[in-house]
2 protein chains.
Amino acid sequence: MTNVITHPAWLPAAAWRPIGTRRVRVDVPGTVRDEVEAACAAHGGRLVTAGEADLTLTLTGTGHDGYAITRDDRGTTVTAATHAGLVHGLFATVRMGESAFTPGPRVASRPAFPRRMLDHWDNVDVHPVMGQVERGYAGGSLFWSAGALRTADLPRIRDYARLLASVGINAVALNNVNVHATEARLLTDRLPEIELLAEPFRRYGIRVHLAVSFAAPMLLGGLDTADPLDPAVRSWWALTLGEVCERIPDFGGVLVKADSEGQPGPFAYGRTHADGANMLAEALAPHGATVHWRAFVYDHRQDWRDRSTDRARAAYDHFTPLDGAFADTVTVQVKHGPMDFQPREPVSPVLAAMPRTRLALEVQATQEYTGQQKHVCYLAPMWSEILRFRPRGDDGPPIAGTVGELVAVANTGDDPFWTGHPLAQANLYAFGRLAWDPSLTPAEILDEWITLTFDPDDGTRAGLHDVMDDSWRTYESYTAPLGVGFMVRPGHHYGPDVDGYEYTPWGTYHFADRDGVGVDRTVATGTGFAGLYPYPWNGVYESLTDCPDELLLFLHHVPYTHVLRSGRTVIQHIYDTHFDGVTRVEAARERWRRLALDPDVHARVAALLDEQVRSAIEWRDQINTYFFRKSGIGDTHGRMIY
Amino acid sequence: MTNVITHPAWLPAAAWRPIGTRRVRVDVPGTVRDEVEAACAAHGGRLVTAGEADLTLTLTGTGHDGYAITRDDRGTTVTAATHAGLVHGLFATVRMGESAFTPGPRVASRPAFPRRMLDHWDNVDVHPVMGQVERGYAGGSLFWSAGALRTADLPRIRDYARLLASVGINAVALNNVNVHATEARLLTDRLPEIELLAEPFRRYGIRVHLAVSFAAPMLLGGLDTADPLDPAVRSWWALTLGEVCERIPDFGGVLVKADSEGQPGPFAYGRTHADGANMLAEALAPHGATVHWRAFVYDHRQDWRDRSTDRARAAYDHFTPLDGAFADTVTVQVKHGPMDFQPREPVSPVLAAMPRTRLALEVQATQEYTGQQKHVCYLAPMWSEILRFRPRGDDGPPIAGTVGELVAVANTGDDPFWTGHPLAQANLYAFGRLAWDPSLTPAEILDEWITLTFDPDDGTRAGLHDVMDDSWRTYESYTAPLGVGFMVRPGHHYGPDVDGYEYTPWGTYHFADRDGVGVDRTVATGTGFAGLYPYPWNGVYESLTDCPDELLLFLHHVPYTHVLRSGRTVIQHIYDTHFDGVTRVEAARERWRRLALDPDVHARVAALLDEQVRSAIEWRDQINTYFFRKSGIGDTHGRMIY
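Every chain's residues receive numbers from 1 upward, in the order its sequence appears when written. For this description, chains carry letters from A and ligands carry numbers from 1, given in the order in which they are written. Predicted model: local features are reported for residues with pLDDT of at least 70 only, side-chain atom pairs are reported and counted for 80 or more only, and whole-chain, interface and lining totals are derived from all residues. Hydrogens and water are ignored here; the side-chain numbers use all heavy atoms of the structure.

Here we look at the relation of the copies chain B and chain A
A rotation about an axis combined with a shift along that same axis relates the two copies of the chain.
Then comes step 1: A residue counts toward the fit only if its pLDDT is at least 70 in both copies, and the copies are then superposed by least squares on the C-alpha atoms of those residues. Overlay of chain B on chain A (RMSD 0.0 Å): rotation 180 degrees, translation along the axis 0.0 Å. Expressed as an axis order, the relation between the two copies is that of a two-fold axis.
Then comes step 2: When the interface residues of chain B are mapped onto chain A, 100% of them are again interface residues, pointing to one common binding face. Any pair of residues with heavy atoms lying within 4.5 Å of one another is described as a contacting pair.

Considerations on the interface of chain B and chain A
Often the size quoted for an interface is simply the accessible area lost on bringing the parts together.
Then comes step 1: With 27 residues of chain B at the contact, the number on the chain A side is 27 residues.
Then comes step 2: Summed over both partners, the interface of chain B with chain A comes to about 2500 Å²; 46% of that surface belongs to carbon and sulfur atoms.
Then comes step 3: Salt bridges are counted wherever a side-chain nitrogen of Lys or Arg sits within 4 Å of a carboxyl oxygen of Asp or Glu. For the interface between chain B and chain A, the tally reads six salt bridges.
Then comes step 4: The salt bridge involving Arg305(A) is made with Asp621(B); its shortest N-O contact spans 2.4 Å.
Then comes step 5: Any pair of N or O atoms that falls within 3.5 Å is considered a polar contact. Within protein, one atom must be able to donate a hydrogen and the other to accept it, and sequence-neighbouring residues count only if both atoms are side-chain atoms. Counting the contacts that link chain B with chain A gives 19 residue pairs in polar contact (both at pLDDT 80 or more).
Then comes step 6: Under the convention adopted here, Pro, Cys and the residues Ala, Val, Leu, Ile, Met, Phe, Trp and Tyr are nonpolar, Asp, Glu, Lys and Arg are charged, and Gly plus all remaining residues are polar. Partitioned by chemical class, the residues of the side of chain B that touches chain A number eight nonpolar, six polar and 13 charged. Buried area is understood as the total, over both parts, of accessible area removed when two parts are fitted together, assessed with a 1.4 Å probe.

Digging into the confidence of the model for chain A
Then comes step 1: What pLDDT reports is the predictor's confidence in each residue, on a scale of 0 through 100. Taken over all residues, the pLDDT of chain A has a mean of 97, while the share at 70 or more is 99%.
Then comes step 2: Per the prediction output, this complex has pTM 0.93; the corresponding ipTM is 0.89.

Here we look at the packing of aromatic side chains
Then comes step 1: Within 6.5 Å between ring centres, the rings of Phe, Tyr and Trp (the latter by its six-membered ring) count as paired, and their orientation is classed by plane angle as stacked under 30 degrees, edge-to-face over 60, tilted in between. Enumeration according to the criterion identifies 54 aromatic pairs over all chains in this entry.
Then comes step 2: Measuring from ring centre to ring centre gives 5.5 Å for Trp449(B) and Phe454(B), while their planes differ by 90 degrees; the resulting arrangement is edge-to-face.
Then comes step 3: An aromatic cluster is built from Phe389(A), Phe529(A), Tyr533(A), Trp537(A), Tyr541(A) and Phe554(A), whose rings are joined through pairwise contacts.
Then comes step 4: Across from the ring centre of Tyr298(A), 3.7 Å away, lies the NZ or CZ of Arg311(A), which sits over that ring. Note on geometry: a ring has a charge over it if NZ (lysine) or CZ (arginine) is within 6 Å of the ring centre and within 35 degrees of the ring normal.

Observations concerning the pattern of salt bridges
Residue and element names in this part refer to chain B.
Then comes step 1: All told, the structure shown has 100 salt bridges over all chains when counted by the stated rule.
Then comes step 2: A salt bridge links Arg 22 to Glu 98; the shortest N-O distance between them is 3.0 Å. One end of the pair, Arg 22, is in the loop between helix H1 (17–20) and strand E1 (23–26); the other, Glu 98, is in the loop between helix H3 (83–96) and strand E6 (104–109), with 76 residues separating them in the sequence.
Then comes step 3: Residue Arg 22 is classed as buried on the basis of its relative accessible area, which comes to 19%.
Then comes step 4: Only protein chains enter the area calculation, which uses a 1.4 Å probe; residues under 20% of their type maximum are buried, those over 50% are exposed, and those in between are partly exposed. Judged by its relative accessible area of 43%, Glu 98 falls in the partly exposed class.
Then comes step 5: Close ionic contact of Asp 34 with Arg 203 constitutes a salt bridge, the shortest N to O distance being 3.0 Å. Residue Asp 34 is found in helix H2 (residues 31–43), and its partner Arg 203 is found in helix H6 (residues 191–203); the two are separated by 169 residues along the sequence.
Then comes step 6: Exposure remark for Asp 34: the relative accessible area of 33% places this residue in the partly exposed category.
Then comes step 7: The class of Arg 203 is partly exposed, set by a relative accessible area of 23%. The secondary structure listing takes helices from DSSP runs of H or I that are at least 4 residues long and strands from runs of E that are at least 2 residues long, numbered from the N terminus.

A few points about the side chain of His578(B)
Residue and element names in this part refer to chain B.
Then comes step 1: Note that His 578 resides in helix H19 (residues 570–593).
Then comes step 2: Exposure remark for His 578: the relative accessible area of 0% places this residue in the buried category.
Then comes step 3: From its side chain, His 578 meets the backbone oxygen of Thr 479 in a polar contact 2.5 Å long.
Then comes step 4: Within polar-contact distance, the side chain of His 578 engages the side chain of Thr 577 at 3.4 Å.
Then comes step 5: The contact partners of His 578, leaving out residues within four places of it in the chain, are Ser 477, Tyr 478, Thr 479, Pro 481, Trp 619, Arg 620, Ile 623 and Asn 624.

Thoughts on the sheet that holds strand E4 (residues 67–72) of chain B
By definition, the strands of a sheet pair up through backbone hydrogen bonds, in either a parallel or an antiparallel sense.
Residues and elements named next belong to chain B.
Then comes step 1: Read from one edge of the open sheet, six strands run E2-E1-E3-E5-E4-E6, paired in mixed fashion. Each edge of the open sheet carries a strand with a single partner, namely strand E2 (46–47) and E6.
Then comes step 2: Sheet analysis places E4 next to strand E5 (residues 75–80), joined by six bridges and oriented antiparallel. Opposite Asp 72, over in E5, you have Gly 75 as the bridge partner. We treat two strands as partners when DSSP finds at least two bridges between them.

Description of helix H20 (residues 599–631) of chain B
Then comes step 1: Taking 1.5 Å as the rise per residue, H20(B) with 33 residues should run 48 Å; its terminal C-alpha atoms sit 47 Å apart, in good agreement.
Then comes step 2: Looking one or two residues beyond H20(B), the residue adopting positive phi is Gly632(B), at roughly 70 degrees. Take the residue count of a helix, subtract one, and multiply by 1.5 Å to get its expected span.

Points about the domain arrangement of chain A
Residue and element names in this part refer to chain A.
Then comes step 1: Looking at the assigned domains, one finds that chain A contains domain 1 (13–109), domain 2 (115–438) and domain 3 (476–631).
Then comes step 2: Domain start and stop positions are those given by an automatic or database domain assignment. Look at where the C-alpha atoms of domain 2 and domain 3 centre, and you get two points 27 Å apart.
Then comes step 3: Residue-level contacts link 46 residues of domain 2 with 43 residues of domain 3.
Then comes step 4: In total, about 3800 Å² of surface goes out of reach between domain 2 and domain 3, with carbon and sulfur atoms giving 63% of it.
Then comes step 5: The largest contributions to the domain 2 side of the interface with domain 3 come from Trp 304, Arg 344 and His 375, which together make up 18% of the buried area.
Then comes step 6: Counting the contacts that link domain 2 with domain 3 gives three salt bridges.
Then comes step 7: The salt bridge involving Arg 604 is made with Asp 415; its shortest N-O contact spans 2.9 Å.
Then comes step 8: Our count for the contact surface shared by domain 2 and domain 3 stands at 19 residue pairs in polar contact (both at pLDDT 80 or more).
Then comes step 9: Looking at the side of domain 2 that touches domain 3, its residues break down into 18 nonpolar, 11 polar and 17 charged.

Okay, structure coming up:
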């Protein structure tokens, strides 16, 4: 294997001391016993097979993948109905630390979402533009390098699976949803690579999924069509996927990006997305595997002159008419916002509009639009807001209650810290924890992560909270204002370029002119997007006075002098938040300097904070200058605008 | 050899008929006799060695590379003092057609510029961003493909040398001025490739030059410095270049882009560009070879917030203090404008400010900023304007009289039409002809090219003039207005992006705000650039009322309501020219449709005109919309602005 020194993330040796110093009984062979054995070997405890034990892990009954922990004078017992549940119970015990061994109330936990999935956008070949990992900011792929499987690095992949399982993730899609020619072949002649990769994940109860090309019957099968209603196409998929499931008995299923940004799909044959997805579901269902079908479908060759087409409506318009038409084993995977992973978007109206369809909420752990793992940006507050959002108002269910699964685009790679920015590990951690229990607060999740990762003193803990707790809102403050989004450099999406996408075919406009800015998405005078929400949000978003400030420019085109709910004008809000954002990043850098932490982590984060300060200043100055040049309205505080 | 069908350009078989049908005597062996022999073989004439001849080509006397042609009742005689002169005389006879064989006044011609050079920006390896040919729009390189010399295609390179010689070009730099690692080695272990390439050019009297890395002593020589005053460095260059000149006796010399856009140079050692250039000159002079040293030196890591630094001043500020310090065999190669090959710039003030330095005027035949050989853009009118410009007013010499050489960046590649767009051949033709005789008018040069290439009827000739004569001003009209420049997509430079470079480190700004646009380069209130010109142009450019409209925004920041010398406001000029430009391109497309021409040429140009119309509309709409959104001032004619 490659001699890579990887950071232990939130599972350092110290985290295992409470278990590893004790007498532990594990009733079943396999991963849980292996973990305990290793911990005891490291810390002086021992595995016992009979007699008194401080900790007992045991399988009992039947049911879900949750666990229960009882603590009393006779010791601590973890029970679960499945092996995966016992794995989760073991890691829950690790999280509890010493407190797992003091008497206390019984803890019983089961996952809120049965599938908690991580989607890798890894390529097999290095893509000439997108590289080894599309939108990856953590080095190369853990799985492939320059066209070849990293067989020598399978031990690291096992460590990775362990990290994922420790936070409850139980499904991983291994390859990029943009399936290029080489990657398409993972389904057929390169299937042995998937078989090999499935093994380390299987040890930790994680099923592997494969992103496939809708055109595979043509690309790989030599057919002259990929029409989902063509019998030859259906039989090719049934045969091909049957073979996959035979060789990988716990194969999770396929993930499809169809009719999107150039990927093939059912539209070419006049078929619906339900036709396409159901064909694959029919092939997979007999084997217990499923289909993830992305709802990210829009016209990426839009004419910027056409004001009637609204990309924010696209997923809704394409998919909600199909509600009820998808097979039971199809999951329609919906991005959290109607556009594309911007730092601030309204919750996608699709998530409230397909009650008869199994939906997955897709978030982006990889920080494409949130600082690319060069900026500190703890995303749990954003995700938590989304999960707690109630589309039908306070009396209706939250998003966490309307979707059946949670999916994140992975932020990991072969970087020694797994995630490039060491603090970005917290996003991976938080995703798993929220997918298990969306009632957890971002701050308590962060506190868990801090404790496990750094075992810090109180001052350091407070400092890490200071740097991270509110970092998403800080990022929002110095980038695109008031929900307008997409003021990034085209292509790489890092750093500001206010007009970068303004006249492009991507459907991402802000319509700033000398008088005002924002997209009119009202029913009364705009694209009608606001009307796609149920009551009361349709009214709230439609109303210029009720619309939350942070989404104002997503929904309304307003003069720079429009007064926000905060009492400030739009233009002054832009200036204030951009000056303030830089001040906050500078303060975070200063705070970080004073923290005593592992020197490797400290040095890496310190260097990245320098870049974050530089970048935040660039954002501040470009955004402020752009809007000053357009509006001609000065900052009321007379600060420097160029 | 590869079976490439290449277009004969302006030397089709028909062009040789007047000579090829006659009795011709050639007094010297070599290229001229070979050409005549081939022509006679094709058309039924014959080479005679004695007795009566219709045409005699003969060497006589000593002198320059010009020629004389006498025509009387006894026949036509071409005399020259050098073999290269006889080659030029032969091609002049071809250009004259049948009229070469009717009695008429003696024609004597000599080149205005002793060196007429074409610089190829060809890479050996395919550069990951720039490709095989940097800023090349005519397919791959004629010389290299994917890291290897195209030895099988040497016959085509010979055809290419013939085309170049036929318009008087006598020097070719073979490789990109941005010298990457592989290309640096052309100087040493890959020198045999240059030896091979030199041969076909030598046949036509063309010397080859090599772009070299200033850091070659370190990259290739293993030294720890490239300091031009270091004896070891000087001796390495002397030895290395001596070896080159020994193996290629007619080696032209080296071309250097130093301290520019990341290329190494003498600044790193606290030395001047004269120190660097003179070191190379010292090594080459004993062998009769020279140095071309580019004056394209500026800060490409400028802060857009810094309004005091003006890229337009850079070459002047760097080089004019060194006037007189360069060795006699150094040519300082100066781009025609102070920025970078924009469709409209003032003539570089450097060209009038270094009387004690040999200067070359560098123009760009490759259409980086003039439509990338997808748009018809006949450039001779621009080049002719530059050559005729008189920096010291009507009583002073024109640029053609102040520079010693003409250099063009090549627009050729392995495309079957040599230049991608078939009509772009005219730019290569015109460059050679203007470098031979800058008093020729663009229209008469175009007429020569049309006659040779198409041998057309009068209607077709008129149609080609309609499409091409004014195509540069048409291009200017629908792109960046009034000399402001650089409103292109960053990176590839095709198509509009008004703010694309506005907040970048490249020093290319327009400073458009809600009130006005343009760069204040006056002495009174701006960067002082206007003051770099001698009288009277310093005053003309300084004056808001005298400054020519087409350069206004290059030199002044003005309100949109400023009234131009034309009587129109700036904003109305922007609208009018952009609407008008599209109309003119549409008319050109219509005109082209009605022309009867070789079907391959016709079809290729017709398809490209469709793209040109699409692109011109995109330019029109983006530019007009951008300035309407900023200014809030409508078009007085009420035309559609988005």
